[in-house]
Each structure stands twice: as structure tokens, then as C-alpha cells.
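Observations on chain architecture
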Amino acid sequence: MAPFFPEPHIYGKLKWIIGGAHGMGFMDWFDVLLHGFPFVLLIRLIVLKFFKSKISK
């Protein structure tokens, strides 16, 4: 998720993709995957906990 200065690294990569991803190479896409994966895991954890609590009730 780092570096954070001047902007978070993943944010800069996402802006690049939204802008058309012109000039992005394999390493840039791999970088997006690595920096984005913690967010995917966090969302998965939240979803699983939400549905587990809904099913338990």
C-alpha cells in the first residue's frame, strides 16, 4: 500500500488505468495487483463477517 507521498501508490496507478492505461507495461499491471491485493482481502473479510453475522441471527 506504500508509498503514500505525494499520493498513495495504488491511487496513482488507478488514475493511470482510468485514464486509458497508455504506456503501462507488465510490471505496472503486476504492481497494481500487488498494491491492490490487501484491499481485496479487506473487502473479502468485511463481506464474510457481514454475511456470517446475518446467517447466525
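What you see is a predicted model; the values in this text were computed from it and never measured. (Residues numbered from 1 in each chain as written. Predicted model: local features only at pLDDT ≥ 70, side-chain atom pairs only at ≥ 80, totals over all residues. Heavy atoms only, no water.)

A count of helices and strands for the protein gives two helices and zero strands. Working note: accessible area of the protein is about 4,900 Å², and carbon and sulfur atoms make up 76% of it. (Helix = DSSP H or I, 4+ residues; strand = E, 2+ residues; numbered from the N terminus. Areas by Shrake-Rupley, 256 points an atom, 1.4 Å probe, with all protein chains shown as cover.)

All right, on to the packing of aromatic side chains then. Evaluated as defined, the whole model comprises two aromatic pairs. Look at Phe 26 and Phe 30: their rings are 6.1 Å apart centre to centre, the planes differ by 15°, and that puts the pair in the stacked class. Linking Phe 26 with Phe 30, this pair stays in helix α2 (residues 26–56), spanning four residues, or about one helical turn. Residues Phe 50 and Phe 51 carry aromatic rings whose centres are separated by 5.5 Å and whose planes lie at 70° to one another, so their mutual orientation is edge-to-face. (Phe/Tyr/Trp six-rings, centres within 6.5 Å; stacked < 30°, edge-to-face > 60°.)

With that settled, the discussion passes to the UniProt feature "transmembrane region" (unreviewed entry) in the protein. The UniProt feature table records "transmembrane region" (unreviewed entry) at residues 32–51. Secondary structure content for residues 32–51 is 100% helix and 0% strand, while the C-alpha to C-alpha distance between its ends is 28 Å. (UniProt positions renumbered as here; feature names shortened; annotations may be inferred.)

For the coordinates displayed, the defined rule picks out three salt bridges. Notably, a salt bridge pairs Glu 7 with Lys 15, separated by 3.1 Å at the nearest N-O pair. Taking the relative accessible area as the measure of exposure, Glu 7 reaches 27% and is therefore partly exposed. Connected through salt bridges with shared partners, the residues Lys 13, Asp 28 and Asp 31 form a single ionic network. (Salt bridge = Lys/Arg side-chain N within 4 Å of Asp/Glu carboxyl O. Buried < 20%, exposed > 50% of the residue type's maximum accessible area, 1.4 Å probe, protein only.)

Turning to the environment of Asp 28, a few remarks are in order. Mapped onto the secondary structure, Asp 28 falls in helix α2. Residues Asp 28 and Lys 13, spaced 15 residues apart in sequence, show a C-alpha to C-alpha distance of 7.8 Å.

Moving on, we get to a nonpolar patch on the surface. On the surface, a cluster of nonpolar side chains totalling about 580 Å² of accessible area is made up of Phe 26, Met 27, Phe 30, Leu 33 and Leu 34. For Phe 30, a relative accessible area of 36% gives the class partly exposed. (Patch = residues over 30% accessible without salt bridge, like charges linked within 9 Å, V, L, I, M, F, W, Y side chains within 5 Å.)

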